Amino acid sequence: MKKILLTLAASALLVGSAFAGVPGPPQHWQPTDPRNESYIVQTGLMSWAEVSQYGDQSYSTIKQAGQHDTAEVKQDSSCCFGGGCGCGGGWVPVFWETQYQNYSSIDQKGFGWHDAYVEQKGDGNSSLITQSGVSDKATVVQKGGFNYSQIKQSGYADNDAMVFQTGDKNYSDICQTGFGINTALVEQCGFGNSSTIDQNACFGAHNYAQVNQAGYNNLSNISQSGVGCHTAVVNQANFCYTASVPYCK
């Protein structure tokens with residue numbers, strides 16, 4: 001049985017109690033429970049949020065405390081329906097921190113005008129987005145198993161981050177801040193690829209980072225800060241096969 005809980009707090013009088021009383025995952029959550037859960041708390045002005053969860057065992061939380069914030073989450077997990085996750089099968093791909101198959105967290109605050117979009121299809125994927133500056137944009141699309149993405153955006157300029165991960169156990173971590181413009185694009189396909197991007201733009205600066213990794217266990221680390229416009233592009237690919245099945249086609 002599906003269970004969707006939506007918590008909406010729009011009154012300024014409820015700001016303090018709304019965030020303190022946001023419900024979390026049950027303490028005795030069992031991976032055999034096929035329900036999806038979603039929690040939305042809106043305490044700012046003219047914010048918009050939409051959540052679509054299909055399948056089983058997905059969890060989503062959205063907090064919007066600024067103004068004109070936009071958030072959209074789409075999650076699709078078929079773990080229990082496919083006989084896994086302790087639901088009649090031997091494979092148990094349970095996300096270790098929350099014991100949900102797909103986990104999404106969006107926290108928007110600060111001056112507002114933020115935009116966040118998350119789409120996850122598969123099992124055990126996790127996306128965390130924090131936007132605390134102004135006019136930040138984040139897009140995360142993950143397909144496969146146990147992919148992890150974290151985006152932190154702050155400062156006083158237009159930050160834009162896009163992450164596309166396909167395969168299993170890919171990792172992406174993006175941190176963007178400062179008074180300039182930061183843009184990051186990560187595309188990873190395969191198994192065990194890891195990308196870290198840290199950008200801090202000064203006044204009038206524009207940092208751009210792009211990472212394209214395909215194959216098995218590629219590693220990229222980009223750090224850009226200071227005065228001026230910096231650009232970093234990483235392209236890495238190898239051909240890896242496990243049990244005669246290619247991770248990337």
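Residues numbered from 1 in each chain as written. Predicted model: local features only at pLDDT ≥ 70, side-chain atom pairs only at ≥ 80, totals over all residues. Heavy atoms only, no water.

Considering the pairing of strand β3 (residues 58-64)
1) Next: Counting buried positions over the seven residues of β3 gives six, a clear majority of the element.
2) Next: Note that strand β1 (residues 37-42) and β3 share six bridges and pair parallel. Opposite Tyr-39, over in β3, you have Thr-61 as the bridge partner.
3) Next: One ladder, built from seven bridges, connects β3 with strand β5 (residues 102-108); its direction is parallel. By the bridge assignment, Gln-64 is partnered in β5 with Gln-108. (Buried < 20%, exposed > 50% of the residue type's maximum accessible area, 1.4 Å probe, protein only. Helix = DSSP H or I, 4+ residues; strand = E, 2+ residues; numbered from the N terminus. Pairing = 2+ DSSP bridges.)

Here's the deal with the side chain of Gln-150
1) Next: Structurally, Gln-150 is set in strand β9 (residues 148-153).
2) Next: With sequence-adjacent residues up to four places away left out, Gln-150 is seen in contact with Leu-128, Ser-172, Asp-173 and Ile-174. (Contact = heavy atoms within 4.5 Å.)

Thoughts on the sheet that holds strand β8 (residues 137-145)
1) Next: Ordered by their spatial adjacency, eight strands build an open sheet running β2-β4-β6-β8-β10-β12-β14-β16, and the pairing between neighbours is parallel. Each edge of the open sheet is held by one strand with a lone partner, namely β2 (48-55) and β16 (231-237). Direction aside, neighbouring strands of the sheet carry axes that sit 0° apart on average.
2) Next: Where strand β10 (residues 159-168) lies against strand β12 (residues 181-191), 10 bridges are found, and the strand directions are parallel. The residue of β12 that forms the bridge with Phe-164 is Glu-187. (Axes fitted to C-alpha atoms, helices over the stretch in contact; angles between N-to-C directions.)

Let's talk about the confidence of the model for the chain
1) Next: Chain-level pLDDT for the chain is 80 on average; 73% of the residues reach the 70-or-more range.
2) Next: In the model, residues 1-31 has pLDDT below 50 throughout and makes 58 contacts with residues more than four positions away in sequence or in other chains.
3) Next: Low confidence marks residues 83-98, where pLDDT is under 50. Its contacts with residues over four positions away, or in another chain, come to 38 contacts. (pLDDT = per-residue confidence, 0-100.)

Topic: the pattern of salt bridges
1) Next: Scanning the model with the defined rule gives two salt bridges in all.
2) Next: A salt bridge links Glu-72 to Lys-74, with the nearest nitrogen and oxygen atoms 3.9 Å apart.
3) Next: Among the residues examined, Lys-74 registers a relative accessible area of 34% and is labelled partly exposed.
4) Next: Among the ionic pairs, Asp-107 bridges to Lys-109, the shortest N-O distance being 3.8 Å. (Salt bridge = Lys/Arg side-chain N within 4 Å of Asp/Glu carboxyl O.)

Quick word on the packing of aromatic side chains
1) Next: One pass over the structure, following the stated rule, counts seven aromatic pairs.
2) Next: With a centroid separation of 5.3 Å and an interplanar angle of 5°, the aromatic rings of Tyr-148 and Tyr-171 are classed as stacked. Taken together, the positions of Tyr-148 in strand β9 and Tyr-171 in strand β11 (residues 171-178) put the pair 23 residues apart, joining distant regions of the chain.
3) Next: Classification of Tyr-171 as partly exposed rests on a relative accessible area of 32%.
4) Next: Between Phe-179 and Phe-203, the aromatic rings sit 4.6 Å apart at their centres with planes inclined by 20°, giving stacked as the arrangement. Of this pair, Phe-179 sits in the loop between β11 and β12 while Phe-203 is found in the loop between β13 (194-201) and β14 (206-216), placing the two residues 24 residues apart along the sequence.
5) Next: Exposure remark for Phe-179: the relative accessible area of 41% places this residue in the partly exposed category.
6) Next: Pairwise contacts between aromatic rings join Phe-111, Tyr-156, Phe-179 and Phe-203 into one cluster. (Phe/Tyr/Trp six-rings, centres within 6.5 Å; stacked < 30°, edge-to-face > 60°.)

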